[in-house]
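Listed here are the chains, written in short residue letters.
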Amino acid sequence: MRLVVGRIGRAHGIRGEVAVEVRTDDPDARFADGSVLLTDPETAGPLTVRSSRAHSGRLLVRFVGVKGRDAAEELRGTQLLVDSADIAPLDDPDEFHDHELIGLTVHTVDGETVGTVVDVLHHAQDTLVVDASDGSEEVLVPFVAALVPEVDVSGGRLVIDPPPGLLDLSSTP
C-alpha cells in the first residue's frame, strides 16, 4: 500500500527548492537526505531528496536532478509517497499506523461480525470508520481501549465492545 507523506507546493528561489506540505508524523525520516520517494503522477518520479530544511514554518526540499525554478515548478501538485512495507512498526504495542488498521475485520466481543475498517479519522478523538458487513451505513467507533479491547493486526481482526446504541443504525431518527 502506498502512503502519502507530502505534496509539493510552490518553487522556492531559483535553485530548484520546493515547499512541501507535510503529511507524515515523521518528516525528519521521510525527507532525510538520500530518501527516495515515489510520486503521483508516477511520471514525476521517483524523486531522491538531496536536502531539506525548515524555513518560516515550511519544509523546503531539493531533489536530485531538479535544477532551477522552472523544473521545480513543474513538480507542483505532485504527491510524495512511500510504500507501507518500508515503514517500521511502532515500538508501543498499543499504537498502530493507520495502514495497519485499514482492512481489519471488526467483530464484537460476542463474535458478531460488524464489518471492515475502511479509514481512520484524526480529529478530537481517533475514530475508526467501519464499513458495515450488512450493507448498511458506516459505523464510527471511537478508537479507545474501553471500546476496542483487542487489535490483532497479524490475524486481520479487531474486537470492539460497543456501548448500547452504537451499532443500532436503523433505530436512529
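Below you will find a few notes about this structure. (Residues numbered from 1 in each chain as written. Predicted model: local features only at pLDDT ≥ 70, side-chain atom pairs only at ≥ 80, totals over all residues. Heavy atoms only, no water.)

## Comments concerning the nonpolar core
We count it as follows: To qualify as a nonpolar core, a set must consist of buried Ala, Val, Leu, Ile, Met, Phe, Trp, Tyr and Cys residues joined through side-chain atoms within 4.5 Å. Exposed residues in this analysis have more than 50% of their type's maximum accessible area, buried residues have under 20%, and partly exposed residues fall in between, with area computed by a 1.4 Å probe over protein chains only. Helix numbers and strand numbers start at the N terminus; a helix is a DSSP run of H or I with at least 4 residues, a strand a run of E with at least 2. In this analysis, two residues are considered to be in contact whenever any of their non-hydrogen atoms come within 4.5 Å of each other.
Grouped together as the largest cluster of nonpolar side chains are 19 residues, with contacts concentrated most on F31, L37, V61, F63 and L80. The set of elements that each furnish at least two residues to this core consists of β1 (2–12), β2 (17–22), β4 (47–55), β5 (58–63) and β6 (79–83). By residue number, the principal contributor to this core is β1, which donates four residues. What L37 contacts, discounting residues up to four positions off in sequence, is V5, R30, F31, P46, L47, V49, F63, L80, L81 and V82. Among the nonpolar cores identified, the runner-up in size contains 15 residues, and V130, F143, V148 and L158 belong to it.

## Things to note about the sheet that holds strand β12 (residues 157–160)
Spelled out, the test is: Note: two strands are recorded as paired if DSSP finds a minimum of 2 bridges between them. Geometry is summarised by axes, namely lines fitted to C-alpha atoms with helices restricted to the contacting stretch, and by angles between N-to-C directions that run from 0 to 180 degrees.
Sheet architecture is open: six strands sit in the order β10-β9-β8-β7-β12-β11, paired in mixed fashion. Taken across any chain shown, the strands that pair with only one partner, and hence form the sheet edges, are β10 (138–142) and β11 (150–152). If you compare each strand with its neighbour and ignore which way they point, the axes differ by 35° on average. Alignment of strand β7 (residues 105–108) against β12, held across four bridges, turns out to be parallel. Residue pairing in the sheet places T105 in a bridge with R157 of β12.

## Quick notes on the sheet that holds β1
Adjacent strands of a sheet form backbone hydrogen bonds with each other and so pair up, either parallel or antiparallel. Spatial ordering of the closed barrel is given by β1-β2-β5-β4-β3-β6, a layout of six strands whose pairing is antiparallel. Averaged over all neighbouring strand pairs, the angle between strand axes comes to 50°, with direction disregarded. Pairing analysis gives two bridges linking strand β3 (residues 36–40) to β4, with the strands arranged antiparallel. What sits directly across from L37, in β4, is L47.

## What to know about the environment of L81
Within the secondary structure, L81 sits in strand β6. Among the residues examined, L81 registers a relative accessible area of 8% and is labelled buried. Placed 75 residues apart in sequence, L81 and G6 show a C-alpha to C-alpha distance of 7.1 Å. Setting aside chain neighbours within four positions, we find L81 in contact with R2, L3, V4, V5, L37, L38, T39 and D40.

## A short note on the pattern of salt bridges
Heads up, the rule is: Salt bridges are defined as contacts in which a side-chain nitrogen from Lys or Arg sits within 4 Å of a carboxyl oxygen from Asp or Glu.
A full pass over the atoms with the stated rule returns six salt bridges. The residue R2 makes a salt bridge to E42 at a minimum N-O spacing of 3.9 Å. Here R2 is found in strand β1, whereas its partner E42 is found in the loop between β3 and β4, with 40 residues between them in sequence. Its salt-bridge partner being E73, residue R76 comes within 2.9 Å of it at the nearest N-O pair. R76 sits in the partly exposed class, given a relative accessible area of 46%. With a relative accessible area of 29%, E73 lands in the partly exposed category. Through salt bridges with shared partners, a single ionic network connects R7, E21 and R23.

## Things to note about the side chain of T78
Residue placement: T78 occurs in the loop between α2 (69–74) and β6. The residues contacting T78, other than those within four sequence positions of it, are G6, R7, I8, T39, D40, P41 and A44.

## Topic: the pairing of β3
Covered by surrounding structure in β3 are L37 and T39 only, the residues V36, L38 and D40 on the alternate face being uncovered. Taken together, β3 and the strand that follows it, β4, pair antiparallel across an intervening segment of six residues.

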